[in-house]
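Given next are the chains, with one letter for each unit.
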Amino acid sequence: MMVTVAHVQLSSCCGCLISLSDTYEKLIDILGSIDLVYCQTLADAREIPNADVILVEGAVCLDDHHTMEIVKEVREKGKILVALGACSAVGGITRFCKGGQMPKPVQSSFSALTEVVKCDLAIPGCPPSPELIVNVITAVLNGNMEYLRPFAKYAESKRGACGCDLIINVINKSLCMGCGVCAASCPTRAIKMIEGRPLVSSELCIKCGVCSFQCPRIELPKGVCQLDGE
Amino acid sequence: MDPFGKYNSIISARATDKRILKKSQDGGIVSATFIYGLENNILDGVIVADRGEKFKPVPKVATTPEEVIEAAGTKYTVCPNISLLKSAVREYGCDKIGVVGTPCQIISTKKAIKYPVGLRHVTDKIALTIGIFCMENFPYNGMKTVVEELCGARLEDVVKTDIGKGKFWVYTKWGETKSVKLKETHPYEQIACHVCTDYTAELADISTGSVGSPDGWSSVFLRTKKGEEIIKKMIDGGYLETKPIDEGKFGLGILKKLALTKKEKNIKEIEHRKELGLPVPIIE
Amino acid sequence: MAKTINITPTTRHEGHGKLILEVEDNDVVNKAYYINTTPVRGFETMLVGRPAEFAPIAVMRICGICQTTHGIASCAAIEDAIGCEIPKDGRLLRELVGLGNRMHSHPLHHLLTADDFIKPEEKELRVDVIKLIQRMRKVGQLIVDVVGGEGIHPPNIVIGGMRTNISERAKAKLYYALKRYEKDAYLMYEAYTELIERYLEEIGIPDLGAHKYPYIASHTTFGDKEDIKWDSVVEIPPQRYYKDKKIAESTSVMIPLYGGVPVEGGPRARMAKFGNFRIGGSAMDINIARAKENLGAVYRAMEILDELDINGKTKVTPEYKDGSGIGVHEAPRATNVHFAEVGKDGKIKSYKIIAASTWNFPIVEKAIEGYPHQHAEVIMRAYDI
């Protein structure tokens, strides 16, 4: 039996799904290896069914009754609930939402899915790369919990994210050695390396969580420390 | 304790190209390998630490042998090479990237490859990683203090720095050589280096450094198939000359000693930090 | 007896929507409502008081498919507000990144609509078409990756131009990718046109989804603020547009009007205004126009590469002053319009967006009316909404 997967979009730009589709020629194989039972953007199913894995992208609009119903539904119907991408995992750009806009001025409160219901995995990034999404799906299919552990921890910690995490958790803690991977990974180019340390522009940071996830001084998963490919 | 991590073989080697040897550190392995890679379509761009003003290194994507040679030579200060990983793929349009870095930068690259969350279509284009042996690094002004205050040389005049025989060496463009005992440089080290237990860049395709080989030669660990292949081609083509590594006290012996020293010292530091309740890079 | 049919949620398009159709006994839709039910994240209010540089970064995240167009329109609006001229090569790269986005977005739409026109038993054809689409998208996204810095939400589109030029190697890479795209775009155009003609023939409604409303378009490949009469543009709340209170309070989009009426934007509008594309035909014509636009995009992209000086300056440092401006970009889906008011402190004073698709929301309703309800979603999808 193939693993059933559903993709549900809450308040988001759909970029996480586009990222998955940017696997280009491999997309057909990926979709062939799973049973995509629900994905409103790509397929015609109109009801979210029970599924082994439910990928949810987007933040939760607490001021929208329909959204709150869906949130309950995905938790009940998904064996593994994945907060896919910054908005769902850590808030991302929706941290800046504050409402007052026509024609729905009362929709003002958006929270990460991880803050609203218990998620099993949370993947930061705006959007997470196609390769990473495929890695996660593959790890879920293979039950590779070791690979998934950092994402499980993100889901559990319900942490928000910000470029400031680099300051607090790395620079201030005497852990930054100035490799620059945070700057390379930042999707908005908010990070410059000055005097061997990241300088985060608060004007450009969208709180996607990628920089601190990528930092090897915050977390170095065991699988990274093995030489493979020989 | 395993001092070197996994590797298939270790040799002493040096570049045969005099242009490279003239500008490079020790055996010029990094420059020679990158130039060979660029000239033979194994690589189409390499991330190196270029010389900026006053010996301040700046990361650069080099796409020609000339650019590689310009950047040759070790800089004993932080240079965020990995910050250019994405640029190399994007505006430079490279498909086969070579990365040189300290052990921590190689670890960082490996994590990026395994978990490329913010590195869309990037990590599959890393074709070769070369790690350089590293006991610790200096912040720029730490290095400056060592060069100017401890060695008495002006940074503007420095053409080369080196660590060897227990000393930090400075060579000026006026032909002078100055040095200071390594022990005296410790207060200027980057403290974040003290949680690192990797001396020989254990996760790189190739790791290299002067320790363990005679002057003008480098010790080279061949760790992966990729690393072995390119070095073998270089040897066969006459781009590198090699000899077996000295397995005695001044060869592998000293290399092992230094690698273990770093591990033991920094494991203690990590334990100490844990006792204080400070975070350390979590390895589970 | 007239009845009401609800299609909820509508599928194979971005965002959340539903169709409410009042249908006659003969299945023909008498009145259609296309309701956008996506919660309003409020990008306009989000920006007020924030530094102008944040605006393009933020608004790109309105849509993960056509992020680029929001980045471009946002920068253009702010540059217009402060009287900032961007360098020639920056302008070229900006147009190129926009075209790269179009060259991925249009084929993505072919993917979403493929199942409307390919029959379930035509499995091989479906796989071939998907492969072709993905090949094309790969080229479009490569352009956005290289020129824009990220295929999704390209951060190199900055106020004052483009963050960086590209290398000779990158330029050559794009050139060869475009050569492949050119071939594939022809294949796609032929295959897609054939499928649509077959579909219309089989359902026997050659003018499916036709409407009598005018078009809006400012440019073929980029965007031109001067081509629009701004006095004629208004955006009204749904409470004023819809008589039905329930409908008015449920939708998440404002209603833009041009000259007091809804207007259609997008591929057909552009090709009709600046070319000789048929006007007033079936909504399926938009699908054909879209496939055709891929060709125009690839030719213009190649021309841009020829014109581009890779050593040229791409960006100027913006100097802020009080002012307001308009930024226009022809998004894949329609004319994307951003209005920005900026202060001399470099902060946003007010911000307004007519996102490309919003032009077509009222048009979709008009296009569905008068045709059998079974085809409502197919008509809606033609607008790639």
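Residues numbered from 1 in each chain as written. Chains lettered and ligands numbered in written order. Predicted model: local features only at pLDDT ≥ 70, side-chain atom pairs only at ≥ 80, totals over all residues. Heavy atoms only, no water.

S.K.: For this particular structure, what's the right way to read helix α5 (residues 103-114) of chain B?
M.R.: For the α-helix, the turn length of 3.6 residues means that residues three or four positions removed from each other point alike. Taking 1.5 Å per residue as the helical rise, α5(B) with its twelve residues ought to reach 16 Å, and the 16 Å between its terminal C-alpha atoms agrees with that figure. Burial analysis of α5(B) places ten of its twelve residues in the buried class, which makes it a mostly covered element. Of all the positions in α5(B), only Pro103(B), Cys104(B), Gln105(B), Ile106(B), Ile107(B), Ser108(B), Thr109(B), Lys110(B), Lys111(B) and Ala112(B) are classed as buried. On its buried face, α5(B) sits against α9 (181-185) and α10 (210-214) of chain A together with β4 (97-101) and β5 (126-132) of chain B. (Helix = DSSP H or I, 4+ residues; strand = E, 2+ residues; numbered from the N terminus. Expected span 1.5 Å × (residues − 1). Buried < 20%, exposed > 50% of the residue type's maximum accessible area, 1.4 Å probe, protein only. Contact = heavy atoms within 4.5 Å.)

S.K.: When you look at the nonpolar core in this model, what are you seeing that I'm missing?
M.R.: Looking at soluble globular proteins, one finds that nonpolar side chains tend to be buried together. If you look at the biggest cluster of nonpolar residues, it comprises 190 residues, and the most contacted ones within it are Leu113(A), Phe151(A), Leu21(C), Val147(C) and Met284(C). No other element matches helix α6 (residues 168-203) of chain C, which puts twelve residues into this core. In contact with Leu21(C), other than residues within four places in its own chain, are Lys3(C), Thr4(C), Ile5(C), Ile7(C), Val29(C), Lys31(C), Ala32(C), Ile368(C), His373(C) and Ala376(C). Counting residues in each nonpolar core, the second largest holds 28 residues, with Val46(B), Val100(B), Leu128(B) and Ile130(B) among its members. (Core = buried A, V, L, I, M, F, W, Y, C linked by side-chain atoms within 4.5 Å.)

S.K.: Help me understand the interface of chain C and chain A in this model?
M.R.: Interface size is often expressed as the accessible area that is lost when the parts come together. Contact with chain C, which involves 58 residues of that partner, is made by 49 residues of chain A. Taking both partners together, chain C and chain A bury about 4,500 Å²; carbon and sulfur atoms supply 58% of that area. The three residues of chain C that bury the most area against chain A are Val40(C), Arg41(C) and Arg61(C), which together make up 14% of that side's buried surface. One can count six salt bridges joining chain C with chain A. One salt bridge connects Glu150(C) with Arg189(A), and the closest N-O pair in it is separated by 2.9 Å. Where chain C packs against chain A, one counts 26 residue pairs in polar contact (both at pLDDT 80 or more). Contributing elements (two or more residues each) for the side of chain C that touches chain A: α1 (43-47), α2 (54-59), α4 (88-117), α5 (123-148), α8 (245-250) and α12 (376-382) of chain C. Here the side of chain C that touches chain A gets seven residues from one element, more than from any other, and that element is α5(C). (Buried area = accessible area lost by both parts, 1.4 Å probe. Salt bridge = Lys/Arg side-chain N within 4 Å of Asp/Glu carboxyl O. Polar contact = N/O pair within 3.5 Å; in protein donor to acceptor, adjacent residues only side chain to side chain.)

S.K.: I keep staring at the sheet that holds strand β8 (residues 177-181) of chain B and nothing clicks. Help me out?
M.R.: Consider a sheet: its strands pair through backbone hydrogen bonds, and that pairing is either parallel or antiparallel. Residue and element names in this part refer to chain B. Taken in spatial order, the three strands make up an open sheet running β6-β7-β8, and their pairing is antiparallel. Each having just a single partner strand, β6 (158-164) and β8 make up the two edges of the open sheet. Along the sheet, successive strands turn relative to each other by an average axial angle of 20°, direction set aside. Two strands pair when backbone bridges link them, and strand β7 (residues 167-172) and β8 are joined in this way by five bridges, in the antiparallel orientation. The residue bridging Trp169 from the neighbouring strand is Ser179, located in β8. Helix α6 (residues 140-150) contacts β6, β7 and β8 of the sheet and is inclined by roughly 70° relative to β7. (Pairing = 2+ DSSP bridges. Axes fitted to C-alpha atoms, helices over the stretch in contact; angles between N-to-C directions.)

S.K.: What am I meant to see in the sheet that holds strand β3 (residues 51-57) of chain A here?
M.R.: Residue and element names in this part refer to chain A. Read from one edge of the open sheet, five strands run β2-β1-β3-β5-β7, paired in parallel fashion. Both outer strands of the open sheet, β2 (35-39) and β7 (121-123), are each paired with one neighbouring strand and no more. For this sheet, the mean angle separating the axes of adjacent strands, direction not counted, is 20°. Helix α3 (residues 65-77) rests against β1 (4-9), β3 and β5 (78-84) of the sheet, and its axis sits at about 130° to β5.

S.K.: Looking at this structure, I do not really get the packing of aromatic side chains. What am I missing?
M.R.: All names here are of chain C. Summed over the entire model, instances satisfying the criterion amount to 22 aromatic pairs over all chains. Consider the rings of Phe117 and Tyr199, whose centres lie 5.1 Å apart with planes at 80°: the pair is edge-to-face. Taken as a pair, Phe117 in helix α4 and Tyr199 in helix α6 lie far apart in primary sequence, 82 residues in all. On the basis of relative accessibility, which here comes to 3%, the residue Phe117 falls in the buried class. A relative accessible area of 12% places Tyr199 in the buried class. (Phe/Tyr/Trp six-rings, centres within 6.5 Å; stacked < 30°, edge-to-face > 60°.)

S.K.: Even after reading the chapter, I still don't get the interface of chain B and chain A, so can you show me in this structure?
M.R.: If you look at the interface, chain B gives 46 residues, while chain A gives 54 residues. Taken together, the two surfaces of chain B and chain A that pack against each other cover about 4,300 Å², and 58% of this comes from carbon and sulfur. The interface formed by chain B and chain A includes two salt bridges. Residues Arg120(B) and Asp22(A) are paired through a salt bridge, measuring 2.8 Å at the closest nitrogen-oxygen approach. Connecting chain B to chain A are 23 residue pairs in polar contact (both at pLDDT 80 or more).

S.K.: Please explain the pairing of β3(A) as it appears in this structure.
M.R.: Looking along a regular strand, one sees side chains alternate from face to face of the sheet. Residue and element names in this part refer to chain A. A large share of β3 lies buried, amounting to six of its seven residues. In terms of strand pairing, β1 meets β3 through five bridges, oriented parallel. Its bridge partner lying in β3, His7 is registered against Leu55. Note that β3 and β5 share six bridges and pair parallel.

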